[in-house]
Structures are given as structure tokens and as C-alpha cells.
Amino acid sequence: CDFAAQKRGMLDCPFCRTPIPDNDADTLTMIQARVAKKDPEAIFYLGLKYFFGHLGLQKDARKGVVLYTEAVELGSIEALFNLGHAYDTGEGVQEDKVKATEFYTKAALQGHVMSRHNLGACENQKGNYDCTVRHLLTSAKMGLKESLESIKGAFLRGQATKAQYAEALK
């Protein structure tokens, strides 16, 4: 949506049509206006900014996770993926592989390709190579090159069949 508007020469905010700010303070003000209106993507975006410490905000991974959680409740698939990643790595929350898998699964079921890839990685860590390959095949078919490379590696290690690798190459 943003990209399409820019291609048509519309260089302003697609929501409110005001010019895109050229400094962090004004950008943050625009984001907070959308957050106040319970826009899930704006809440997720603000969560990212806190999580990584951008836009002049002090890095606060815990606050980022709180905002991701709010965005998830309002329907953000990207926030589901990022919550999964936070629990997977233990950033901003206590590491919990089970919760990470739950969030990745919810996002993958809604079409999030990187979540599907990460589910394959989770299954690989557990030694469930059949499940690993199934997840990676799905994400490879969705166009994720990292999944294709992972299937290639699984094939070379004897964890995937030649037929599975051939299917991933299609």
C-alpha cells in the first residue's frame, strides 16, 4: 500500500495524507497517533522501535514485547512472528521454546512464510526431521530461498530424500 502510493507519486502518509516527517520526533508523533486509534500495525511498528531502540527511543525489549502482544490481540500477523522470535531467543521475555512454537504456528497458519521456516528449524532442533522437511517445503514453495537452502542441507545430511529436494526445486 505504502509502496504503491509512492510509485504513483504520493509521498505522504497513506492514512492521513500529511507529508512524511523528516525527523524522529515527528515520525514518533505520527505513529503514536495511529497507536491511539488501536491500529495493530502501528502498535507493532512502535513495538519494533522500542525493541531495537530506534526513533530516539531507548531500547526496551520488554516494552516491545508488550506492544507486540497488544498488536497480536488486534490481529497483526507480523507481531505474532516477532513474539515467537522473542520467546525463541529470550529477548524481552524468558526463553520459552514451547511458546515460540505456538506463536510461529499461529502466524504460519495465517500465511506467514518466515514463521513456517522457523517451525522447521524448531522441529529440526527436536530431531523431527520429517516435520522439519514438511515445514521447509511449504515455505520454499512460498518462495523463501532460505528454506530451499535448508532443504538442500538436510538432503546432504541424509535428513531429506532426493524426491523432497527435487520437489523444493520446482
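Quick summary incoming for the structure in this document. For every chain, the first residue of its written sequence is number 1, and the numbers climb from 1 along that sequence. Only residues with pLDDT of at least 70 are given local features in this predicted model, and only at 80 or more are side-chain atom pairs given and counted; all residues enter the totals for whole chains, interfaces and linings. Only heavy atoms go into the side-chain values, all of them from the structure, while hydrogens and water stay out.

### A look at the overall build of the chain
We count a stretch as a helix when DSSP gives it H or I for four or more residues in a row; a strand needs E for two or more, and each element gets its number in order from the N terminus. Looking only at helices and strands, the chain has 10 helices and 0 strands in total. Only protein chains enter the accessibility calculation, which uses a 1.4 Å probe; a residue whose area is less than 20% of its type maximum is buried, one above 50% is exposed, and one in between is partly exposed. Going through the 170 residues of the chain one by one, you find that 40% of them count as buried. Contacts in the chain between residues at least 24 apart in sequence constitute 34% of all its contacts with a sequence separation of at least 6. Only carbon and sulfur atoms are counted for the fraction: they give 54% of the accessible area of the chain, which is about 10000 Å². We call two residues in contact when some of their heavy atoms are within 4.5 Å. For every accessible area listed, the method is Shrake-Rupley and the probe measures 1.4 Å; residues are considered covered only by the protein chains on display.

### Re the nonpolar core
Side-chain atoms within 4.5 Å are what join buried Ala, Val, Leu, Ile, Met, Phe, Trp, Tyr and Cys residues into a set we call a nonpolar core. Residues L46 and Y68 are the most contacted members of the largest nonpolar core, which totals 31 residues. If you look at the next biggest cluster of nonpolar residues, it comprises 9 residues, including L136, A140, I151 and A154.

### Considering the pattern of salt bridges
Any carboxyl oxygen of Asp or Glu within 4 Å of a side-chain nitrogen of Lys or Arg constitutes a salt bridge here. Enumeration according to the criterion identifies 6 salt bridges in this entry. Put simply, E70 and K38 hold a salt bridge, and the shortest N to O gap is 3.0 Å. Pair noted here: E70 is in helix α4 (residues 61-73) and K38 is in the loop between α2 (24-36) and α3 (40-52), with a separation of 32 residues, a long-range link. A salt bridge links D88 to K97; its shortest N-O distance comes to 2.8 Å. Overall, D88 belongs to the buried group, its relative accessible area being 15%. When salt bridges that share partners are traced, they join D88, E95 and K97 into one network.

### Considering the packing of helix α7 (residues 113-126) against helix α8 (residues 129-141)
Running from N to C, α7 and α8 point in directions that differ by 165°, and their axes come no closer than 8 Å. Taken together, α7 and α8 sit at an angle that is classed as roughly antiparallel. In this structure, the crossing between α7 and α8 has a hand that is left-handed. In this structure, α7 uses V113, R116, H117, L119, G120, E123 and N124 to contact α8, whose residues at the interface are Y129, C131, T132, H135, L136, T138 and S139. Each residue is assigned to one class: nonpolar for Ala, Val, Leu, Ile, Met, Phe, Trp, Tyr, Cys and Pro, charged for Asp, Glu, Lys and Arg, and polar for all the others, Gly among them. Residues belonging to the contact of α7 with α8 are distributed by class as follows: 5 nonpolar, 7 polar and 2 charged. To obtain each axis, a line is fitted to C-alpha atoms, and for helices this fit is confined to the stretch in contact; angles are then taken between N-to-C directions over 0 to 180 degrees. In these notes the angle categories are as follows: under 35 degrees is roughly parallel, over 145 is roughly antiparallel, 65 to 115 is roughly perpendicular, and the rest is oblique. Take the far helix as your reference; a near helix turned counterclockwise from it by less than a right angle gives a left-handed crossing, and one turned clockwise gives a right-handed crossing.

### Some words on the packing of aromatic side chains
Note on ring pairs: Phe, Tyr and Trp rings are taken, using the six-membered ring of Trp, and paired if centres are within 6.5 Å. Classes follow the plane angle, with under 30 degrees stacked, over 60 edge-to-face and the rest tilted. According to the stated counting rule, one finds 6 aromatic pairs in the structure shown. Centroid distance F44 to Y68: 5.7 Å. Interplanar angle 40°. Geometry classified as tilted. Highlighted residues: F44 in helix α3 and Y68 in helix α4, separated in sequence by 24 residues. Residue class for F44 comes out buried when judged on its relative accessible area of 8%. On the basis of relative accessible area, Y68 is assigned to the buried category, the value being 1%. With a centroid separation of 5.3 Å and 15° between ring planes, the pair formed by F155 and Y165 is classed as stacked. Taken together, the residues F155 in helix α9 (residues 145-156) and Y165 in helix α10 (residues 162-169) connect sequence positions 10 residues apart. Of the residues examined, F155 reaches a relative accessible area of 29% and is grouped as partly exposed. An aromatic cluster is built from F44, F51, F52 and Y68, whose rings are joined through pairwise contacts.

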